[in-house]
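Listed below are the residues making up each chain.
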Amino acid sequence: MSHQDLSITAKLINGGVAGLVGVTCVFPIDLAKTRLQNQHGKAMYKGMTDCLMKTARAEGFLGMYRGAAVNLTLVTPEKAIKLAANDFFRQLLMEDGLQRNLKMEMLAGCGAGMCQVVVTCPMEMLKIQLQDAGRVAIRHQGSASAPSSSRSYTTGSAPTHKRPSATLIAWELLRTQGVAGLYKGLGATLLRDIPFSIIYFPLFANLNMLGFHELTGKASFAHSFMSGCVAGSTAAVTVTPLDVLKTRIQTLKKGQGEDIYSGITDCARKLWIQEGPSAFMKGAGCRALVIAPLFGIAQGVYFIGIGERILKCFE
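Residues numbered from 1 in each chain as written. Predicted model: local features only at pLDDT ≥ 70, side-chain atom pairs only at ≥ 80, totals over all residues. Heavy atoms only, no water.

The name an unreviewed UniProt entry gives the chain is Mitochondrial glutamate carrier 2, with Daubentonia madagascariensis as the organism. In its Subcellular location (unreviewed entry) section, the UniProt entry covering the chain states "Mitochondrion inner membrane". Regarding the chain, the UniProt comment filed under Catalytic activity (unreviewed entry) reads as follows: "L-glutamate(in) + H(+)(in) = L-glutamate(out) + H(+)(out)". (UniProt positions renumbered as here; feature names shortened; annotations may be inferred.)

Trainee: Whenever I open this one, the overall build of the chain confuses me. Can you help?
Mentor: In terms of helices and strands, the chain carries 12 helices and 0 strands. Helices and strands in the chain line up, N terminus first, as α-α-α-α-α-α-α-α-α-α-α-α. In the chain, buried positions account for 49% of the 315 residues. Accessible area for the chain stands at about 14900 Å²; split by element, carbon and sulfur atoms hold 68% of it. (Helix = DSSP H or I, 4+ residues; strand = E, 2+ residues; numbered from the N terminus. Buried < 20%, exposed > 50% of the residue type's maximum accessible area, 1.4 Å probe, protein only. Areas by Shrake-Rupley, 256 points an atom, 1.4 Å probe, with all protein chains shown as cover.)

Trainee: What am I meant to see in the side chain of Asp-30 here?
Mentor: By secondary structure assignment, the location of Asp-30 is in helix 1 (residues 3-38). Note on Asp-30: relative accessible area 9%, which makes it buried. Within the structure, the side chain of Asp-30 is placed 2.7 Å from the side chain of Lys-127, a separation counted as a polar contact. Residues in contact with Asp-30, not counting those within four places in the same chain, are Lys-127, Gln-131 and Val-290. (Polar contact = N/O pair within 3.5 Å; in protein donor to acceptor, adjacent residues only side chain to side chain. Contact = heavy atoms within 4.5 Å.)

Trainee: Is there a simple way to explain the side chain of Lys-254 in this structure?
Mentor: Tracing the sequence through the fold places Lys-254 in the loop between helix 9 (240-250) and helix 10 (264-275). The buried charged residue Lys-254 lacks any salt bridge partner; its closest oppositely charged side chain belongs to Glu-258, at an N-O distance of 5.8 Å. (Lys, Arg positive; Asp, Glu negative; His and termini not counted. Salt bridge = Lys/Arg side-chain N within 4 Å of Asp/Glu carboxyl O.)

Trainee: Honestly, the nonpolar core in this entry has me stumped. Any pointers?
Mentor: The nonpolar side chains of a soluble globular protein tend to be buried, and buried together. Counting residues in each nonpolar core, the largest one holds 24 residues, and the members touching the most others are Phe-196, Tyr-200 and Phe-295. If you list the elements that add at least two residues to this core, you get helix 1, helix 2 (48-63), helix 7 (186-209), helix 8 (221-238) and helix 11 (284-304). Ranked by residue count, the leading element in this core is helix 11, at 5 residues. When sequence neighbours within four positions are dropped, the list of residues in contact with Tyr-200 reads Gly-228, Ala-231, Gly-232, Ala-235, Phe-295 and Gln-299. Residues Val-70, Met-123, Met-125 and Ala-170 belong to the second largest nonpolar core, which totals 10 residues. (Core = buried A, V, L, I, M, F, W, Y, C linked by side-chain atoms within 4.5 Å.)

Trainee: Can you walk me through the pattern of salt bridges in this structure?
Mentor: Oppositely charged side chains may form a pair once their charged atoms are brought near each other. According to the stated counting rule, one finds 19 salt bridges in the structure shown. Across the pair Arg-192 and Asp-243 runs a salt bridge whose closest N-O atoms are separated by 2.9 Å. Taken together, the residues span a long stretch of sequence, with Arg-192 in helix 7 and Asp-243 in helix 9 at a distance of 51 residues. Arg-192 gets classed as buried once you look at its relative accessible area, which sits at 4%. Between Arg-248 and Glu-275 there is a salt bridge whose closest N-O contact spans 3.0 Å.

Trainee: Teacher, can you tell me more about the packing of aromatic side chains here?
Mentor: Tallied over the full model, the rule gives 8 aromatic pairs. Seen from their ring centres, Phe-61 and Tyr-65 are 5.8 Å apart, and the 55° between their planes marks the pair as tilted. The class of Phe-61 is exposed, set by a relative accessible area of 55%. Measuring from centroid to centroid gives 6.0 Å for Tyr-200 and Phe-204, while their planes differ by 10°, and the two rings are stacked. (Phe/Tyr/Trp six-rings, centres within 6.5 Å; stacked < 30°, edge-to-face > 60°.)

Here is the structure:
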């Protein structure tokens, strides 16, 4: 196994470990984000803590991890694709590797964002349905089971308390809409992930360079962790409006009186008119809180080199 292969395998292991640890830590906050973004006004949840408390009360501790299985299964390939693609594009675009060129870094980030969508889009599509199920169920109880316009994702006339599962939703989507069903909101996902990557990767690289040690040849762990957090939360908050649109577009089962959107512009227009400009920042705090540790952990795992250490054991 050449050094090149080794480093790629190590990278994939690192990405996977980082993804799994990260998702486990912050999933409940991500669930709160989805629900806050989907509610109109402040009808059910006042904010993140309120949402988490109510969810825990109504659906138990594990209710906060609804949809986590999808994420845990797919986060490894997603992170792997993103990190590998970013590296690949960086090596491609920067011949000598060391010379920093912001435009090229942004291009690399852009490429990484585009590659990653292959996994991200269906993953988030399924995750959002599962995360939002509890919120919609409560809204439907409130409105005494008025007939829902969209077909509910339960088999036959079973009561809506039957918890949807990822495989069930995926199967249903594939059956009714084909592969395209899983890629609903692809445009919105690209619109969110590409700007995110364009902001995140160069910002991280440059923040990280500030802590560069001549002796070790890299920044300290704490510095990298902080750089990851700062770059991650900055990028996350910046693209929140796009994330809100994406969440709304990808949510299949709407609560009572919630709009169905024909596309990104339609969604943006209705959101602006009905809920005002502030609606575009729904869940921004949650996003910052989710993304910062996620990326911090990822950078940390990378710098400790868990993948390399695991591979050493097999040599």
